Amino acid sequence: MLPLRSLLLPLAMLLAGCSPPHNPQIDEHVIKLATGTPLQTFDPHLADSGSSFSTYLTLVYDGLVEANPDSHWRPLPGLARTWRWLNETTIEFELIQGVTFTDGAPFDANVAKANIDRMLKLAGPRVNTVATIKETEVIDNFTFRIHLHRTDPTLLGNLTGPTGMMISPAAFEDESLDLRPVGSGPWRYDAANSTLGDVHRFVPRENYHGDANPSGAPLQIHVLENARARLNALISGQVNIAILSAVEAGPAKDRGFAIQRRANRWYGITYLDRRGELVPELADPRVRRAIGFAIDRKAITDAVFFGYAKPTGQPMFDDLGQDPELDTYYRYDPDHARRLLQSAGVERLSFVVPIISTDSPLYEAVQHYLRQVGIDIRLEVVERGSLGALARTRTYPVNTLTYPTFGPDSRHPAIWGTNAVFNPFNVHGPRIDALAEEAGTSLDEALRARNYRDYYHIIVKDAYSTVILQLEDLVAYDADVLDKVRIGYVTPILRHMTVKQGVGSP
Amino acid sequence: MTKLIVSRIAGLVPMLLVVSFLTFGMLHMVPGDVRDRILGTEATAAQYEALGEKLGLNDPFLVQYGRWLWRALQGDLGTSAYNSRKVTDAVMDTLPVTLSLTIGGMFIGIVIGVPSGILAGLNRGSTIDRVAVLIATVGQALPNFWVAMLLIVPLALWWRIFPATGFVSPLENFSGWIMSIALASTALGTSASAALARQTRGAIIDVLQRDYIRTARAKGLPRRLVTFKHALKNAAIPLITTIGFQVNGLLGGALIVEQVFGLNGFGNLAIESVRTQNIPMMQGVVIMGALVIVAVNLVVDIMYGYVNPKVRTS
């Protein structure tokens, strides 16, 4: 290989006007992330809480409270140092002092109030998650209260998202705020040297008040839609951390990159038609349970996701109320599935399952297993992004939307509740409604854990959904350069990542 | 020639109108709703309605189209459904990447394809001809993205001579620009060079059999003069048509190659717009893409008129 290289190198230099070839070692003290997530908006009050939020907005904004990767329900201090419930409907925050925004404006209780008020007024995508907020109140410069219509144990967890982010009030009316953020976060967005959809550059803020970005590293986010391109960028040294899919994780590992993984999203079939209007057989829980027993989750996980997924029968992740027993409730047992179908009087069953094209390998495997027990599912590929709209209609008896890691407080009104958004057949579930209602209006964590546990036992055992697996988000990174790499929601938690000392130093 | 150009440009206006109307119509038939994307899964019906109002989605189709067309005529292709980014800005940010790849690919195609074709045509039936035809056949059969991957592995990943991803503007750093598009352009240009080689060979063989070539030879003109003055100019007529087709093909091919090299080009913008159902952006991409194709065809027509006087007079 060397002779060919020695031939090509001068040729390339000649081509490049005698400039030296690309040298990725020059600026290794910069955190360089390759992601497929483009920036949507820098205005947190108009942002959803998806990957665009966690990738970009958490860099330039601080929230009242910060997301805790170990528990959605127990956030970490952010711009609020401490908080306490004064009664069932009032929470008081003590704010930290000495915080300034990138435009020089100071942060205080009036700013916090103005932000919460703006967020409620703009009614962005996440406003429903904090719909219990009645009003805000400034007690003194650094003490601030939120009054609620009713008890809301999810408030703090939800304030870790876009709804709790603080913007400099001077930028409220700035029409370019969505592309030029003015926050108090550990980095400042370098709009002049960034190109939307390509490379976003962030400059560390000197004298940042918090403990984020401890190594003071600049940050670049390279938007590469194609996962293979992200892997190539990592291997060639253009980035030092990349979000990959399961296919690329193996090659990255083989080349010595460290891998972090975290289950963040569940895949499965949710039965919309649980009353059997389109497919009468689906009204019988035994039939739905049979589907659960007919699928070999481990084999699918290994074959389709190369082991980078957790085979499980439950939609709950490691958090409050999770019961590990439900992971294996639906062990692979096709004979049991046949018996269940027989007891339900079903010999042959056929229905249509809408999927998006990227999920084809998964559902083709499911199709294979179900065929073994006499269930014929016909996969119908629909446009990407249309599953949500379809789940609101009676077009299909089932849906295959994937859902992220949240508890029933947000999932119940979305998926399984009687008044859920995705319950077009108006299937009643009084027991789960009661459990969710009680858990959703109590600050008693033990009660909430108990209710969650009972709730998910019903969802799993009555087969409201047949969960197949929990897909893992994956990042590969250069462990010689980066330290303290953890995955949050889809993206690594960049705020607390560090560049190892000595790397890239002149 | 001026008449030719004016008539061609006049013909573009109704065509662009038809393209814009069809695109607008088809985009509105695409299943799914951008509001699902923007608002997530927990929005209320009121929020849906409000966002629809803001984005103008609640109006009848023809009203939406009329509003878009009126603004487009004033140079405003609209704003992204997700933020305040102007569609024209997005297009202007990404078009140079794709045009760079297309120009680079065409450069590779012409530099390799045309001389190979001439050489093969002039030596018809020889070993040179057979080898050139074989290479051209293989070159045409190779998918661009596959060639791209073949180039990346040794040249970007093993030896790190070229960057594996990313684009550098020629205004910022000219040598960096060449390095950033070298592999992608080569991948794109492979099939173009093969097609051009085959076309050039065929055209040369055809022209060399014409009476005027035989006459020129009979007059005792040197072979070089016959080849370069008489044969090549006439062989260039079908070649220009092929180059026009190839440029259009390269623009399409660039959409895929951009993905492999992680380049933020026009194709990437198109794919991202489709993925996120960003209708204003999609509409802008299609219209600007159509404009580029039309401009290329216009240039081909003009060049055609230049080398073939019959076209001008007709």
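Note that the coordinates shown come from a computational prediction; the quantities given were computed from them, not determined experimentally.

## Points about the overall build of chain A
- The secondary structure content of chain A amounts to 14 helices and 20 strands.
- The C-alpha atoms of chain A give 25 Å as radius of gyration, which agrees with the globular expectation for 506 residues (23 Å, within 12%).
- Each of the three principal axes of chain A carries a C-alpha extent, and together these read 75 × 75 × 35 Å.
- Counting all 506 residues of chain A, 60% fall into the buried class.
- Considering only intrachain contacts with a sequence separation of at least 6, the fraction spanning at least 24 residues in chain A is 69%.
- Accessible surface for chain A amounts to roughly 19900 Å². Of this, 50% is attributable to carbon and sulfur atoms.
- Side-chain charges in chain A split into 50 positive and 60 negative, and the spacing between the mean points of these groups amounts to 4 Å.

## Remarks on the overall build of chain B
- Along its length, chain B carries 13 helices and zero strands.
- Each helix and strand of chain B, placed in order from N terminus to C terminus, yields the pattern α-α-α-α-α-α-α-α-α-α-α-α-α.
- Along the three orthogonal principal directions, the C-alpha set of chain B runs to about 85 × 55 × 35 Å.
- Taken across its 314 residues, chain B has 50% of its residues classed as buried.
- Intrachain contacts of chain B at a sequence separation of at least 6 include 72% that bridge at least 24 residues.
- Counting 25 positive and 16 negative side-chain charges, chain B places the averaged centre of each group 21 Å from the other.

## With respect to helix H2 (residues 51-60) of chain A
All names here are of chain A.
- The element H2 is largely enclosed, with a buried count of ten among its ten residues.
- Among the residues of H2, Ser-51, Ser-52, Phe-53, Ser-54, Thr-55, Tyr-56, Leu-57, Thr-58, Leu-59 and Val-60 are the ones counted as buried.
- The inward-facing, buried residues of H2 contact strand E1 (31-35), strand E8 (187-189), strand E9 (199-204) and strand E10 (219-223).

## Here's the deal with the nonpolar core
- Counting 81 residues, the largest nonpolar core has Val-91, Leu-101, Leu-155, Phe-162, Leu-183, Phe-261 and Leu-263 of chain B as its most contacted members.
- Considering every element that reaches this core, the biggest residue donor is helix H8 (residues 174-208) of chain B, with 15 residues.

## Focus on the domain arrangement of chain A
All names here are of chain A.
- Domain boundaries in chain A define domain 1 (1-36 + 186-257 + 478-506), domain 2 (61-174) and domain 3 (264-472).
- Viewed at the interface, domain 3 and domain 1 are joined by zero salt bridges.
- At the junction of domain 1 and domain 3, the tally comes to one residue pair in polar contact (both at pLDDT 80 or more).
- Residue composition of the side of domain 1 that touches domain 3, by class: six nonpolar, two polar and one charged.

## Thoughts on helix H7 (residues 144-158) of chain B
Residue and element names in this part refer to chain B.
- Along its 15 residues, H7 runs 21 Å from first to last C-alpha, staying within 8% of the 21 Å computed at 1.5 Å per residue.
- The axis of H7 is deflected most strongly, by about 40 degrees, at Ile-152, and proline Pro-154 appears within four residues downstream.
- Looking one or two residues beyond H7, the residue adopting positive phi is Arg-160, at roughly 55 degrees.

## Things to note about the packing of helix H10 (residues 223-261) of chain B against helix H11 (residues 266-275) of chain B
All names here are of chain B.
- Relative orientation of the contacting elements H10 and H11 amounts to 85 degrees, with a least axis distance of 7 Å. Classified by the interaxial angle, the pair formed by H10 and H11 is roughly perpendicular. Between H10 and H11, the contacting residues are Leu-255, Glu-258 and Gln-259 on the first element and Phe-266, Gly-267, Asn-268 and Ile-271 on the second.
- Of the residues contributing to the contact of H10 with H11, the split by class is three nonpolar, three polar and one charged.

## Let's talk about the packing of aromatic side chains
- The full count for this structure, using the stated rule, is 23 aromatic pairs over all chains.
- By the ring-pair criterion, three or more aromatic residues cluster together here, those being Trp-266, Tyr-403, Trp-416, Tyr-455 and Tyr-456 of chain A.

## Digging into the pattern of salt bridges
- The full count for this structure, using the stated rule, is 28 salt bridges over all chains.
- In the salt-bridge network here, residues are joined through shared partners; they are Asp-62, Glu-66 and Arg-495 of chain A.

## Focus on the environment of Leu-471 of chain A
Residue and element names in this part refer to chain A.
- Assignment of secondary structure puts Leu-471 in strand E18 (residues 465-477).
- Remark: the alpha-carbon pair of Leu-471 and Trp-266, spanning 205 residues in sequence, is separated by 6.0 Å.
- Ignoring any residue separated from it by four or fewer positions in sequence, one finds Leu-471 in contact with Arg-262, Ala-263, Asn-264, Arg-265, Tyr-267, Phe-305, Tyr-308 and Ala-309.

## Description of the side chain of Gln-238 of chain A
- Counting through the fold element by element, Gln-238 of chain A comes out in the loop between helix H5 (227-235) and strand E11 (241-244).
- When its relative accessible area of 13% is taken as the criterion, Gln-238 of chain A is described as buried.

## Here's the deal with the pairing of strand E4 (residues 80-87) of chain A
- In this structure, E4 of chain A lies alongside strand E5 (residues 90-95) of chain A, joined through six bridges in antiparallel fashion. Bridge pairing links Thr-82 of chain A to Glu-94 of chain A in E5 of chain A.

## Quick word on the pairing of E9 of chain A
All names here are of chain A.
- Pairing between E8 and E9: three bridges, direction antiparallel. In the strand pairing of E9, Trp-187 is matched with Pro-204.
- Across four bridges, the pairing between E9 and E10 is antiparallel. Counted as the bridge partner of Phe-202 is Leu-219 from E10.

## A closer look at a nonpolar patch on the surface
Residue and element names in this part refer to chain B.
- Where nonpolar side chains cluster on the molecular surface, the patch consists of Val-18, Phe-21, Leu-22, Met-26, Met-29 and Leu-62 and spans about 630 Å² of accessible area.
- When residues of the nonpolar patch are assigned to their parent elements, the largest contribution, five residues, is made by helix H1 (residues 2-29).
- Taking relative accessible area as the criterion, Met-29 reaches 63% and is therefore assigned exposed.

## Here's the deal with the confidence of the model for chain B
- Counting all residues, the mean pLDDT for chain B is 86, and 96% of those residues have values of 70 or more.
- Taken over the whole predicted complex, pTM reads 0.84, whereas the ipTM for its chain interfaces reads 0.80.

## A few points about the sheet that holds strand E6 (residues 133-140) of chain A
Residues and elements named next belong to chain A.
- Spatial ordering of the open sheet is given by E4-E5-E7-E6, a layout of four strands whose pairing is antiparallel. Two strands bound the open sheet, and with one partner strand each, they are E4 and E6. In this sheet, adjacent strand axes meet at a mean angle of 20 degrees when their direction is disregarded.
- When E6 meets strand E7 (residues 143-148), the two strands line up antiparallel, connected through six bridges. In the strand pairing of E7, Val-138 is matched with Phe-144.
- Against the sheet, helix H3 (residues 109-122) contacts E5, E6 and E7, and its axis sits at roughly 170 degrees relative to E6.

## Quick word on the side chain of Asn-264 of chain B
- Its location among the elements puts Asn-264 of chain B in the loop between H10 and H11.
- Polar contacts involving the side chain of Asn-264 of chain B include one to the main-chain carbonyl oxygen of Leu-196 of chain A, which spans 3.3 Å.
- What Asn-264 of chain B contacts, discounting residues up to four positions off in sequence, is Thr-195, Leu-196, Gly-197 and Asp-198 of chain A together with Asp-93, Thr-94 and Val-97 of chain B.

The rules behind the values
Residues numbered from 1 in each chain as written. Chains lettered and ligands numbered in written order. Predicted model: local features only at pLDDT ≥ 70, side-chain atom pairs only at ≥ 80, totals over all residues. Heavy atoms only, no water. Helix = DSSP H or I, 4+ residues; strand = E, 2+ residues; numbered from the N terminus. Rg over C-alpha atoms; globule rule 2.2 N^0.38 Å. Buried < 20%, exposed > 50% of the residue type's maximum accessible area, 1.4 Å probe, protein only. Contact = heavy atoms within 4.5 Å. Areas by Shrake-Rupley, 256 points an atom, 1.4 Å probe, with all protein chains shown as cover. Lys, Arg positive; Asp, Glu negative; His and termini not counted. Charge placed at Lys NZ, Arg CZ, Asp CG, Glu CD. Core = buried A, V, L, I, M, F, W, Y, C linked by side-chain atoms within 4.5 Å. Domains from an automatic or database assignment. Salt bridge = Lys/Arg side-chain N within 4 Å of Asp/Glu carboxyl O. Polar contact = N/O pair within 3.5 Å; in protein donor to acceptor, adjacent residues only side chain to side chain. Nonpolar A, V, L, I, M, F, W, Y, C, P; charged D, E, K, R; others polar. Expected span 1.5 Å × (residues − 1). Bend = angle between axes of the 7 residues up to and from the residue. Axes fitted to C-alpha atoms, helices over the stretch in contact; angles between N-to-C directions. Parallel < 35°, antiparallel > 145°, perpendicular 65-115°, else oblique. Phe/Tyr/Trp six-rings, centres within 6.5 Å; stacked < 30°, edge-to-face > 60°. Pairing = 2+ DSSP bridges. Patch = residues over 30% accessible without salt bridge, like charges linked within 9 Å, V, L, I, M, F, W, Y side chains within 5 Å. pLDDT = per-residue confidence, 0-100.

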